[in-house]
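The residues making up each chain are set out below.
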Amino acid sequence: MATPNLSNITTVTPGILASQQLASGDTTIYTVPANKAAKLAKLVLTNTSAAAVTVSVSVVPSGGSVDGTHRVVSGYSLAAGDSTTVTEIEGCWLGQGDLVSVNASTAAVVDVMLSGLVFA
């Protein structure tokens, strides 16, 4: 099935799409399920360590790969104990199979929270 026609949606569900601690390297934090669309609201990254961590964010179309060509944030230095809101993704529409990936240079020190609306 394809992404739903937004004029025919029957449900809109707001919520947290992802909330987790990242491994090092690229981590897919959210993929739009079959027959759905999503509108991203807020992405917050928090560094829980005592050292700066480099982070990157990608928004990848269905069938694409997390290879650096879909970066919306690249090589951002997130200071020790700091948080940042990634405004580059706010309001972004995603279709079925599209995904959000975050890359952290250090494992188990960056917490991520993604919120948005899911349309079906």
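Described in the following lines is the structure provided in the data block.

Procedures and definitions
- Residues numbered from 1 in each chain as written.
- Predicted model: local features only at pLDDT ≥ 70, side-chain atom pairs only at ≥ 80, totals over all residues.
- Heavy atoms only, no water.
- Pairing = 2+ DSSP bridges.
- Helix = DSSP H or I, 4+ residues; strand = E, 2+ residues; numbered from the N terminus.
- Axes fitted to C-alpha atoms, helices over the stretch in contact; angles between N-to-C directions.
- Buried < 20%, exposed > 50% of the residue type's maximum accessible area, 1.4 Å probe, protein only.
- Lys, Arg positive; Asp, Glu negative; His and termini not counted.
- Salt bridge = Lys/Arg side-chain N within 4 Å of Asp/Glu carboxyl O.
- Polar contact = N/O pair within 3.5 Å; in protein donor to acceptor, adjacent residues only side chain to side chain.
- Contact = heavy atoms within 4.5 Å.
- Core = buried A, V, L, I, M, F, W, Y, C linked by side-chain atoms within 4.5 Å.

**A few points about the sheet that holds strand β4 (residues 53–60)**
Thinking step 1. Within the open sheet, the four strands sit side by side as β2-β8-β4-β5. Their pairing is antiparallel. Whereas interior strands pair on both sides, the edge strands pair on one side only; in this sheet they are β2 (25–31) and β5 (71–78). Sheet twist, expressed as the average angle between the axes of neighbouring strands with direction ignored, equals 20°.
Thinking step 2. The sheet contact formed by β2 and strand β8 (residues 99–104) spans six bridges and is antiparallel. Each bridged residue has a counterpart across the sheet, and for Asp26 the counterpart in β8 is Asn103.

**Considering the side chain of Asp98**
Thinking step 1. In this fold, Asp98 is placed in the loop between β7 (93–94) and β8.
Thinking step 2. We note that Asp98 is buried and unpaired, the nearest opposite charge coming from Lys39 at a distance of 14 Å.
Thinking step 3. For Asp98, the side chain forms a polar contact with the main-chain nitrogen of Ser62, separated by 2.7 Å.
Thinking step 4. The residues contacting Asp98, other than those within four sequence positions of it, are Tyr30, Thr31, Val32, Val60, Pro61 and Ser62.

**Here's the deal with the nonpolar core**
Side chains of nonpolar character tend, in soluble globular proteins, to be buried together.
Thinking step 1. One finds Ile29, Leu43, Leu45, Val57, Ile89, Val110 and Leu114 to be the most contacted residues of the largest nonpolar core, which totals 27 residues.
Thinking step 2. Of all elements in the fold, only β1 (12–21), β2, β3 (37–47), β4, β5, β8 and β9 (110–119) reach the threshold of two or more residues within this core.
Thinking step 3. Contact partners of Leu43, with chain neighbours within four places excluded, come to Ile29, Val57, Thr84, Thr85, Val86, Ile89, Val112, Met113 and Leu114.

**Some thoughts on the environment of Ala38**
Thinking step 1. Locating Ala38 in the fold gives a position in strand β3.
Thinking step 2. Overall, the relative accessible area of 0% leaves Ala38 in the buried class.
Thinking step 3. Counting along the chain gives 24 residues from Ala38 to Pro14, while the straight-line C-alpha distance between them is 9.5 Å.
Thinking step 4. In this view, Ala38 contacts Tyr30, Val32, Cys92, Trp93, Leu94, Leu117, Val118 and Phe119; residues no more than four positions away in its chain are not counted.

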